[in-house]
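# Remarks on the overall topology
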Amino acid sequence: MRIVPKAAAMQKLARHWKRAGVKIGLVPTMGYLHAGHLSLVREARQRVGKTGKVVVSIYVNPTQFAPTEDLANYPRDLERDLKMCHAEGADVVFMPGDAEMYPGKAEGKYSTYVVEENLGRGMEGAARPVHFRGVTTVVAKLFNLVLPDVSVFGQKDFQQAAIIRRMVGDLNFPVQIIVAPTRREADGLAMSSRNKYLDAEQRAQAVILFHALQAAKKAAAKKTVRAARLKKDLQEFITAAPLARLDYVEFFDPETLQPVAQVKRGTHMALAVFFSKTRLIDNAQI
Ligand code: AMP
């Protein structure tokens, strides 16, 4: 497994592979890897085959964090991440620093961003105004540096995956986007690097996100339910976890991400919940 810290070296390697007709799979991450990330690496390997190359990028992208968010103390454990990537059979870990990804930014000499203007408005985009601009920009840059044939994202970040797909279509990136299912802990909590922030009591209550998804599924299993009604019920439901503070719960069309008034089979649900400063998200199809 090769560790590549430089952007130019990554692009050179990718161009070399391309000339040799080697398929490239990319899994973008912010590190502090867990089994969810590894399932994406496995998916990438399946897509490119034994002769293909799987690149895992590890980069905590500053442009997708607002100044008030957790950039400075985002969990990191590079040594462990590298071991996990190696064990999973990744070919390359691309781990650039800020000076590689945003050259000249500190001196005001970086000024190009990629902005998706529709799907990113609600939910995470409304709660975190600069977030998706940072995500689309860094993913576009990663695509230009790694030149992947296929890139794998997690359904855990449903809105993000939809935005990336839209960006790839709109801007004609020659890359296939795969969205892999959410991996969960035994009790149902979606795996997330941010789960590390939770203390024991918060961790025990964090399963409320998963339970809320289950409750909504049950409520809308056999009949159409008003979204406003269900939102109110879920707000109440979440008070069963006294340390949880609901940020939003939304019911929406999985294609357009537009909120719906009626919840039925096929409607998508997403929610964000704070435990103190830790913000967790989850989503599922009803
Ligand atoms: P992150 O490191 O949080 O930026 O996530 C990197 C990629 O892993 C994104 O495509 C996420 O959607 C995906 N991911 C995060 N958590 C999970 C999970 N529990 N199951 C599957 N994929 C995940």
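These figures come from a predicted structure and were not determined experimentally. In this numbering scheme, every chain counts its residues from 1 along its sequence in written order. Only residues with pLDDT of at least 70 get local features here, since the model is predicted, and only at 80 or more are side-chain atom pairs given and counted; chain-wide, interface and lining totals rely on the full set of residues. Note that water and hydrogens are dropped before the side-chain values are worked out from all heavy atoms of the structure.

With that settled, consider helix H6 (residues 131-146). A run of H or I in DSSP becomes a helix once it reaches four residues, and a run of E becomes a strand once it reaches two; helices and strands are each numbered from the N terminus. Multiply 1.5 Å by the residue count of a helix minus one, and that product is the helix's expected span. Under the 1.5 Å per step criterion, the end-to-end length of H6 is 22 Å for 16 residues, consistent within 8% with the ideal 22 Å. Whether a residue is buried, partly exposed or exposed follows from its accessible area with a 1.4 Å probe, protein chains only, as a fraction of its type maximum: under 20%, in between, or over 50%, in that order. Most of H6 is tucked away: 14 of the 16 residues are buried. Directly beyond the C-terminal end of H6, a positive phi value near 50 degrees is found at Leu-147.

In contact at an axis separation of 10 Å, helix H9 (residues 208-219) and helix H10 (residues 227-238) are set at 145 degrees when each is read in the N-to-C sense. Our pair here, H9 against H10, has a crossing hand that is right-handed. Every residue of H10 that contacts H9 at Ile-208, His-211, Ala-212, Ala-215, Ala-216 and Ala-219 is listed here: Leu-230, Leu-234, Phe-237 and Ile-238. Axis definition: a line fitted to C-alpha atoms, over the contacting stretch in the case of helices. Angles run 0 to 180 degrees between N-to-C directions. Less than a right angle of anticlockwise turn of the near helix away from the far helix marks a crossing as left-handed, whereas a clockwise turn marks it as right-handed. A contact between two residues is defined here by any heavy atoms of the two lying within 4.5 Å.

What follows covers the nonpolar core. Of all hydrophobic cores here, the largest spans 43 residues; its most connected members are Met-10, Val-55, Phe-94 and Phe-143. Of all the secondary-structure elements, those providing two or more residues to this core are helix H1 (7-19), strand E2 (24-29), strand E4 (92-94), H6, helix H7 (158-170), strand E8 (244-252) and strand E10 (268-275). Ranked by residue count, the leading element in this core is H6, at nine residues. Residue ranges assigned to each domain were obtained from an automatic or database domain assignment. A domain-level breakdown of this core finds at least three residues from each of domain 1 (2-180) and domain 2 (193-281). Here, nonpolar core means buried Ala, Val, Leu, Ile, Met, Phe, Trp, Tyr and Cys residues that are tied together by side-chain atoms lying within 4.5 Å of each other.

So, on to the environment of Thr-136. Relative to the helices and strands, Thr-136 is located in helix H6. Spatially, the C-alpha atom of Thr-136 lies 25 Å from that of Thr-267, the residues being 131 residues apart in sequence. There is a polar contact of 2.7 Å between the side chain of Thr-136 and the backbone oxygen of Phe-132. Polar contacts, as used here, are pairs of N or O atoms within 3.5 Å; protein pairs need one atom able to donate a hydrogen and one able to accept it. Residues neighboring in sequence count only if both atoms are side-chain atoms.

Moving on, we come to the packing of aromatic side chains. Note on aromatic contacts: the rings of Phe and Tyr and the six-membered ring of Trp form a pair at centre separations within 6.5 Å, being stacked when their planes are under 30 degrees apart, edge-to-face when over 60 apart, and tilted otherwise. Per the counting criterion, the structure on display carries six aromatic pairs. Aromatic side chains Phe-143 and Phe-173 sit 5.6 Å apart centroid to centroid with 70 degrees between the ring planes, which places their arrangement in the edge-to-face category. Pair noted here: Phe-143 is in helix H6 and Phe-173 is in the loop between H7 and strand E6 (176-180), with a separation of 30 residues, a long-range link. Two limits define a charge over a ring: the Lys NZ or Arg CZ must be within 6 Å of the ring centre, and within 35 degrees of the ring normal. Above the ring of Tyr-32, the side-chain terminus of Arg-80 is found at 5.3 Å from the ring centroid.

Positive phi outside glycine occurs at Met-123, with the angle close to 45 degrees. Note on placement: Met-123 falls in helix H5 (residues 123-127).

Take the sheet that holds E10 next. Two pairing modes exist for strands in a sheet, parallel and antiparallel, and in both the strands are linked by backbone hydrogen bonds. At least two bridges found by DSSP between two strands are what make those strands a pair. Taken in spatial order, the three strands line up as E8-E10-E11 in an open sheet, and their pairing is antiparallel. Both outer strands of the open sheet, E8 and strand E11 (278-285), are each paired with one neighbouring strand and no more. Across the sheet, the axes of successive neighbouring strands diverge by a mean angle of 15 degrees, strand direction being ignored. Sheet topology places E10 next to E11; eight bridges connect them, and they run antiparallel.

As a further point, take the sheet that holds E2. An order of E1-E4-E3-E2-E5-E6 is seen for the six strands of this open sheet, with the pairing classed as parallel. Across the chains shown, the open sheet's two edge strands, defined by having one partner strand only, are strand E1 (2-4) and E6. Neighbouring strand axes in the sheet, compared pairwise and without regard to direction, differ in orientation by 25 degrees on average. Sheet analysis places strand E5 (residues 150-154) next to E6, joined by five bridges and oriented parallel. Residue Val-150 lies in a different strand from E6, and its bridge partner there is Gln-176. Packing against the sheet, H6 makes contact with E2, strand E3 (53-58), E4, E5 and E6, and its axis sits at approximately 150 degrees to E2.

Right, let's talk about the pattern of salt bridges for a bit. Salt bridges are defined by distance alone: a side-chain nitrogen of Lys or Arg within 4 Å of a carboxyl oxygen of Asp or Glu. What the rule picks out here adds up to 13 salt bridges. One salt bridge connects Arg-279 with Glu-124, and the closest N-O pair in it is separated by 2.8 Å. Here Arg-279 is found in strand E11, whereas its partner Glu-124 is found in helix H5, with 155 residues between them in sequence. One salt bridge in this structure joins Glu-250 and Lys-231, with 3.0 Å as the shortest N-O distance. Linking Glu-250 in strand E8 with Lys-231 in helix H10, this pair joins segments that are 19 residues apart in sequence. The class of Glu-250 is buried, set by a relative accessible area of 17%.

The next point concerns the site of the ligand. Nearness of a residue to a molecule or strand requires only that one of the residue's heavy atoms be within 4 Å of it. Residues in close proximity to the ligand total 17 residues, the closest being His-37, Gly-154, Asp-157, Arg-183 and Met-191. Arg-183 is positioned such that a nitrogen or oxygen atom in its backbone is 2.8 Å from a nitrogen atom of the ligand. One of the backbone N or O atoms of Met-191 is found 2.9 Å from a nitrogen atom in the ligand. Accessible areas in this description were obtained via Shrake-Rupley with a 1.4 Å probe; residue shielding takes into account the shown protein chains only. Across the complex, the protein chains shield 93% of the 490 Å² of accessible surface that the ligand would expose by itself. By residue number, the principal contributor to the shell around the ligand is helix H2 (residues 35-48), which donates three residues. Polarity classes work like this: nonpolar for Ala, Val, Leu, Ile, Met, Phe, Trp, Tyr, Cys and Pro, charged for Asp, Glu, Lys and Arg, and polar for all others, with Gly in that last group. Here the shell around the ligand is built from residues that sort into seven nonpolar, seven polar and three charged.

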